[in-house]
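# Per-entry structural report
Residue-level listing of the chains:
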Amino acid sequence: QVQLVESGGGSVQAGGSLRLSCAASGRTFSNYAMGWFRQAPGKEREFVVHISGSGGTTNYADSVKGRFTISRDNAKNTVYLQMNSLKPEDTAVYYCAAGNRVGFLNYYRAGEYNYWGQGTQVTVSS
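### Quick notes on the packing of aromatic side chains
Under the defined criterion, the tally for this structure stands at 7 aromatic pairs. Measuring from ring centre to ring centre gives 5.3 Å for Phe-37 and Tyr-113, while their planes differ by 75°; the resulting arrangement is edge-to-face. Here the residue Phe-37 occupies a position in strand β4 (residues 33-39), and Tyr-113 occupies one in the loop between β9 (92-99) and β10 (115-116), the gap between them amounting to 76 residues. With respect to burial, Phe-37 and Tyr-113 carry one shared label: buried. Here the aromatic rings of Tyr-113 and Trp-116 are separated by 6.3 Å at their centres, their planes lie at 70°, and the arrangement is edge-to-face.

Pasting the structure below:
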């Protein structure tokens, strides 16, 4: 069992920055690929970014490329999401997720991830 706890959400103005953290407890953290997903009101949950267990591979949704950066510290069992140049359309609840069998080509699928955090709200005002 893996427990995930997100933090760092909040309210910012457009153009601002936030850094989300996701702390994991349980089994060997480096065995798990990590992902961030988000869900805006009235919309389906969508993929944001993925990072492999080693941190050597990352994949970003086109909507956040160049603005968001994912990283992980396996010694601290934590994954980070640095979000810069935020836009109102980035407003959503952000969830981190962990999976130990995330397919090489399926990293964007929510079903690939076994464990989910409770989510943290990010609100960007114009």
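That shown, we press on.
### Focus on the environment of Gln-1
Here Gln-1 shows up in the segment before β1 (2-7). Gln-1 gets classed as exposed once you look at its relative accessible area, which sits at 54%. C-alpha separation for the pair Gln-1 and Tyr-115, spaced 114 residues apart in sequence, amounts to 8.1 Å. Apart from the residues within four sequence positions on either side, Gln-1 is in contact with Ser-25, Gly-26, Arg-27 and Tyr-115.

### Concerning the sheet that holds strand β7 (residues 68-73)
With respect to topology, 4 strands assemble into an open sheet ordered β1-β3-β8-β7, the strand pairing being antiparallel. Among the strands making up the open sheet, the edge pair consists of β1 and β7. The sheet shows a mean angle of 15° between the axes of neighbouring strands, taken without regard to direction. As judged from the 6 bridges shared by strand β3 (residues 18-26) and strand β8 (residues 78-83), these two strands associate in the antiparallel manner. Within β8, the residue paired with Ala-23 across the bridge is Thr-78.

### Here's the deal with the nonpolar core
Counting 37 residues, the largest nonpolar core has Leu-4, Met-34, Trp-36, Leu-81, Met-83 and Tyr-94 as the members making the most contacts within it. Of all the secondary structure elements, the ones that give two or more residues to this core are β1, β3, β4, β5 (46-51), β7, β8, β9 and β11 (120-125). Among the elements that make up this core, the one with the highest residue count is β9 (5 residues). Those residues within four positions of Met-83 in sequence are excluded, and the remaining contacts are Gly-16, Ser-17, Leu-18, Leu-20, Arg-67, Phe-68, Tyr-94 and Val-122.

### Here we look at the pattern of salt bridges
A complete count under the given rule lists 4 salt bridges for this structure. For Lys-65, the salt bridge is made with Asp-62, and the minimal N-O distance between the two is 3.2 Å. Residue classification places Asp-62 among the exposed residues on the basis of a relative accessible area of 65%. Here Asp-90 and Arg-67 are joined by a salt bridge, their closest N and O atoms 2.7 Å apart. With Asp-90 in the loop between β8 and β9 and Arg-67 in the loop between β6 (58-60) and β7, the pair connects residues that are 23 residues apart, well separated along the chain. Residue Asp-90 is classed as buried on the basis of its relative accessible area of 0%. Ionic contacts of the salt-bridge type, sharing partners, join the residues Arg-38, Glu-46, Arg-67 and Asp-90 into one network.

### A few points about the environment of Tyr-95
By the element assignment, Tyr-95 lies in strand β9. Sequence separation of Tyr-95 and Ser-25 is 70 residues, and the distance between their C-alpha atoms is 16 Å. Beyond its immediate sequence surroundings of up to four residues, Tyr-95 is in contact with Glu-6, Gly-35, Trp-36, Phe-37, Gln-39, Arg-45, Trp-116, Gly-117, Gln-118 and Gly-119.

The rules behind each value
Residues numbered from 1 in each chain as written. Predicted model: local features only at pLDDT ≥ 70, side-chain atom pairs only at ≥ 80, totals over all residues. Heavy atoms only, no water. Phe/Tyr/Trp six-rings, centres within 6.5 Å; stacked < 30°, edge-to-face > 60°. Helix = DSSP H or I, 4+ residues; strand = E, 2+ residues; numbered from the N terminus. Buried < 20%, exposed > 50% of the residue type's maximum accessible area, 1.4 Å probe, protein only. Contact = heavy atoms within 4.5 Å. Pairing = 2+ DSSP bridges. Axes fitted to C-alpha atoms, helices over the stretch in contact; angles between N-to-C directions. Core = buried A, V, L, I, M, F, W, Y, C linked by side-chain atoms within 4.5 Å. Salt bridge = Lys/Arg side-chain N within 4 Å of Asp/Glu carboxyl O.

Treat this as a map of the structure, not an account of what it does.
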